Amino acid sequence: MSQEWDAGRLDSDLDGVAFDTLAVRAGQHRSPEGEHGEPLFFTSSYVFRSAADAAARFAGDVPGNVYSRYTNPTVRAFEERIAALEGAEQAVATSSGMSAILASVMALCSAGDHILVSRSVFGATVTLFEKYFKRFGIQVDYVPLTDLAAWERAFKPNTKLLFVESPSNPLAELADIAALAELAHVKAAWLVVDNCFCTPVLQKPLALGADIVIHSATKFIDGQGRCLGGVVAGRAEQMKEVVGFLRTAGPTMSPFNAWVFLKGLETLRLRMQAHCASAQALAQWLEQQPGVSRVYYAGLPSHPQHELAKRQQTGFGAVVSFEVAGGKEAAWRFIDATRLISITANLGDSKTTITHPGTTTHGRLSPEDRAAAGISDSLIRLAIGLEDVVDLQADLARGLAAL
Ligand SMILES: *Cc1c(COP(=O)(O)O)cnc(C)c1O
């Protein structure tokens, strides 16, 4: 990248600058208008200087935009900023988190390939693998996230990808990403990590050895519940295939959404720090309450992977889950007694949310599968937002009083 990005400044001026500077500055290439903010290019296509220029751009001999399914300057700014934050050679934006997963598998796998998936991934991810990829001849097996020996045993000669979400939702279990990456590479497979819950602020999977990182930008990257989007980041070699699939099939990101996400990235670290601080305080407080039988949060010393979390992440995230005494009825009474917190399954928002995973996000699993996943009827999941922590604690106290 030698493109001029600001009057008198080059991309290389960002070499070696800190995360916070990249989050605000990376990917911005100013036009001759001299705009200070990132411009929003609402255009589907681009004009060429001449017939010869059109031919050269279509052939790829001359860099430049051709059509917004291929490239759009606002979307590219978002892609370059994410690549800088994840430490990736290249990133490509998608219309949603799900289309980021779709594009990665479509680009990197073929019929007859085998994929290992961690058992507790996002619900729609399981449906995508089970109902659709299997229909096209891709074999899929599920492995407990934390059991390295089980991953090793599950390999087949045709295993192409390992797909993990860490920390898991809603129980905050962790994969040892460095160990899984090493295992994958010994077996000539690639490790894909859905980094949605941590964001590059708390965890950098590529630096830990993963090959591809995926995000639902809909969650913390936006941070205020406005837009759907996703991103895939990794090495140029694999990204070439992912970009090729997206340009052809079309689930690319709208420039408006890219513009919103660019603004989201500028405050991402500050927001993640605030989410983590409140989540830690509330997890500690919940652990002391008589009505609460267990709290799942990697920031607690009682969490079985607390040490791994300290090593692998720079913070423990916004999601806190806990069990109350008294089963589903008690959990529902707790949820219904809150007044401030939103009853919704969404997360990664400035507004704190509360949900009963057993009857919402994990409601479609059979009771046996739910039990195997460790989702009990008395489990409640919180995704801590940016409200004052004292008010959040008071709202949770209303829930406790209703038990
Ligand atoms: C929400 C989510 C997705 C899907 O993202 P969408 O933007 O809703 O398509 C994938 N993975 C995780 C971990 C999620 O939380």
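Residues numbered from 1 in each chain as written. Predicted model: local features only at pLDDT ≥ 70, side-chain atom pairs only at ≥ 80, totals over all residues. Heavy atoms only, no water.

Novice: I'd love a proper account of the site of the ligand, names of residues and values included.
Specialist: Neighbouring the ligand are 13 residues; Gly97, Asp194, Ser216, Thr218 and Lys219 lie closest to it. Within the side chain of Asp194, one N or O atom sits 2.7 Å away from a nitrogen atom of the ligand. Here an oxygen atom of the ligand and a side-chain polar atom of Thr218 are 2.6 Å apart. Notes on the ligand: free accessible area 380 Å², of which the protein chains cover 92%. (Near = heavy atom within 4 Å. Polar contact = N/O pair within 3.5 Å; in protein donor to acceptor, adjacent residues only side chain to side chain. Areas by Shrake-Rupley, 256 points an atom, 1.4 Å probe, with all protein chains shown as cover.)

Novice: Which residues make up the pattern of salt bridges, and what values go with them?
Specialist: All told, the structure shown has 14 salt bridges when counted by the stated rule. Across the pair Arg81 and Glu266 runs a salt bridge, and its minimum N-O distance is 3.2 Å. Taken as a pair, Arg81 in helix 3 (residues 73–86) and Glu266 in helix 10 (residues 255–266) lie far apart in primary sequence, 185 residues in all. Of the residues examined, Arg81 reaches a relative accessible area of 0% and is grouped as buried. When salt bridges that share partners are traced, they join Glu38, Arg81, Lys263 and Glu266 into one network. (Salt bridge = Lys/Arg side-chain N within 4 Å of Asp/Glu carboxyl O. Helix = DSSP H or I, 4+ residues; strand = E, 2+ residues; numbered from the N terminus. Buried < 20%, exposed > 50% of the residue type's maximum accessible area, 1.4 Å probe, protein only.)

Novice: Could you give an account of the side chain of Ser278, naming the residues involved and the relevant values?
Specialist: In this structure, Ser278 sits in helix 11 (residues 268–287). Beyond its immediate chain neighbours, meaning those up to four positions away, Ser278 contacts Ile384 and Val389. (Contact = heavy atoms within 4.5 Å.)

Novice: Any chance you could break down empty space enclosed by the protein for me, citing the residues and the numbers?
Specialist: Applying the stated criterion to the full structure yields 2 cavities of 30 Å³ or more. Quantified by volume, the largest cavity comes out at close to 100 Å³. Those elements that provide at least two residues to the lining of the largest cavity are helix 3, strand 3 (90–94) and helix 9 (236–249). Broken down by element, the lining of the largest cavity gets its largest block of residues, 3 residues, from helix 3. A per-class count over the lining of the largest cavity returns 6 nonpolar, 4 polar and 4 charged. Forming the boundary of the second largest cavity are Pro167, Ser168, Ala172, Phe197, Ala298, Gln313, Phe316, Gly317, Ala318 and Val319. Along the lines of polarity and charge, the residues of the lining of the second largest cavity split into 7 nonpolar, 3 polar and no charged. Each of domain 1 (11–266) and domain 2 (269–401) gives at least three residues to the lining of the second largest cavity. (1 Å grid on protein atoms, 1.4 Å probe; cavity = no way out; pocket = protein on both sides within 12 Å on 5 of 7 lines; lining within 4 Å. Points joined across faces, edges and corners; volume = space filled by probe spheres on them. Nonpolar A, V, L, I, M, F, W, Y, C, P; charged D, E, K, R; others polar. Domains from an automatic or database assignment.)

Novice: Lay out the pairing of strand 7 (residues 190–194) in plain terms, naming residues and giving numbers.
Specialist: A regular strand places its side chains so that they alternate between the two faces of the sheet. The buried fraction of strand 7 amounts to 4 of the 5 residues, a majority that puts the element mostly inside the structure. For the crossover from strand 6 (residues 159–165) across helix 7 (residues 177–186) to strand 7, the handedness is right-handed. Of the pairings in the sheet, the one linking strand 7 to strand 8 (residues 212–216) comprises 3 bridges and is parallel in character. When the bridges of strand 8 are listed, Asp194 appears paired with Ile214. (Right-handed = clockwise from strand over helix to strand, strands pointing away. Pairing = 2+ DSSP bridges.)

Novice: Pulling in residues and values, what's your account of a nonpolar patch on the surface?
Specialist: Side chains of Leu40, Phe42 and Phe256 sit close together on the surface and give an oily, nonpolar patch of about 290 Å² of accessible area. Examined against the element boundaries, Leu40 turns out to sit in the loop between helix 1 (19–25) and helix 2 (51–59). For Leu40, a relative accessible area of 31% puts it in the partly exposed group. (Patch = residues over 30% accessible without salt bridge, like charges linked within 9 Å, V, L, I, M, F, W, Y side chains within 5 Å.)

Novice: Mind laying out helix 10, listing which residues take part and the relevant values?
Specialist: Look at helix 10: 17 Å from first C-alpha to last across 12 residues, which is about the 16 Å you get at 1.5 Å a residue. Along helix 10, the positions that sit buried rather than exposed are Pro255, Asn257, Ala258, Val260, Phe261, Leu262, Gly264 and Leu265. Considering only its buried residues, helix 10 is in contact with helix 1, helix 3 and helix 11. (Expected span 1.5 Å × (residues − 1).)

Novice: Go over the layout of surface pockets with me, naming the residues and quoting the values.
Specialist: Roughly 550 Å³ of internal volume is contained in the second largest pocket. Contributing to the lining of the second largest pocket are 24 residues, with Arg119, Val121, Val126, Leu365 and Asp369 lying nearest its centre. Listed by contribution, the elements that provide at least two residues to the lining of the second largest pocket are helix 5 (123–133) and helix 14 (367–372). Broken down by element, the lining of the second largest pocket gets its largest block of residues, 4 residues, from helix 5. Residue composition of the lining of the second largest pocket, by class: 10 nonpolar, 9 polar and 5 charged. Each of domain 1 (11–266) and domain 2 (269–401) contributes no fewer than three residues to the lining of the second largest pocket.

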